[in-house]
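Below, each chain spelled out in residue letters.
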Amino acid sequence: MKKIIPWAILIFLVCLVFYPQPSRFADTTIPNMNPHVLNKEISLQLPATTQIAEHWLEDRQQLHYSAYLNDEPLGLRGYIQLWQLDDLEYYLQKSKEMSTFDFYTYSLNATHVGDFKGILNSWGASFGQAAKLSGKEYWLYTPQQKVLRIAFLTNDTSFNEEQLKVMGIILSSLSWQGEPTNAQTLIEITGEHP
């Protein structure tokens with residue numbers, strides 16, 4: 001576990017170098033969504049403008065799979081990852097302690113996304129003197145004893161309305177391949193149905 005935490009932090013910091021500009025959406029329209037199956041296990045809808053970089057890991061101690069998502073038009077990026085973690089809450093607390101971020105908000109709350117239960121890690125942080133970041137990380141228990149991380153990140157102190165709506169659509173479309181799910185369930189991130 002001590003070996004994977006520095007690697008996870010390093011991957012996260014490297015991705016910050018390539019962050020997109022803030023959203024250029026002029027209205028509240030939702031972009032076209034396309035279906036994707038990642039790692040032959042995770043099915044979901046992503047905006048057509050989202051670029052996906054998948055990484056299969058050779059040394060599979062804790063992190064088994066990682067896909068980096070970047071949507072420049074939305075000003076949204078993130079990760080979809082599969083982890084093998086014995087104690088998720090302990091791992092999240094240790095990650096915060098080891099982080100180089102200066103958190104000004106940080107919370108861990110129980111969450112439910114469709115058929116998945118888990119923890120929502122919401123945070124805001126400064127990195128360096130000028131960079132502000134916000135994150136919503138859904139750490140969800142899968143039917144096969146893995147932990148699915150769906151992380152959304154933006155370069156601002158909060159997510160805008162368009163980003164929140166797209167995040168809700170992505171989460172609502174989430175299903176585990178071969179497992180029955182209710183695809184019609186809409187995740188209420190914004191407190192309203194789009």
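Since this is a predicted model, take the numbers as computed values, not measurements. (Residues numbered from 1 in each chain as written. Predicted model: local features only at pLDDT ≥ 70, side-chain atom pairs only at ≥ 80, totals over all residues. Heavy atoms only, no water.)

Novice: Account for the packing of aromatic side chains, naming residues and giving values.
Specialist: In the structure shown here, the tally under the stated rule is 9 aromatic pairs. Aromatic pair Phe101 and Trp123: ring centres 5.7 Å apart, planes at 45°, arrangement tilted. Of this pair, Phe101 sits in the loop between helix H2 (88-98) and strand E6 (102-113) while Trp123 sits in strand E7 (residues 116-127), placing them 22 residues apart in sequence. Residues Phe101 and Trp123 agree in their burial class; the two are buried. (Phe/Tyr/Trp six-rings, centres within 6.5 Å; stacked < 30°, edge-to-face > 60°. Helix = DSSP H or I, 4+ residues; strand = E, 2+ residues; numbered from the N terminus. Buried < 20%, exposed > 50% of the residue type's maximum accessible area, 1.4 Å probe, protein only.)

Novice: Any chance you could break down unusual backbone geometry for me, citing the residues and the numbers?
Specialist: Not every positive phi belongs to a glycine, and Asn39 is a case in point at roughly 55°. Among the structural elements, Asn39 can be located in the loop between strand E1 (33-38) and strand E2 (42-47). Under the relative-accessibility criterion, Asn39 is labelled buried at 18%. Residues other than glycine seldom take positive phi values, yet Gln145 does so here, at roughly 65°. Relative to the helices and strands, Gln145 resides in the loop between strand E8 (131-141) and strand E9 (147-154). Under the relative-accessibility criterion, Gln145 is labelled exposed at 61%.

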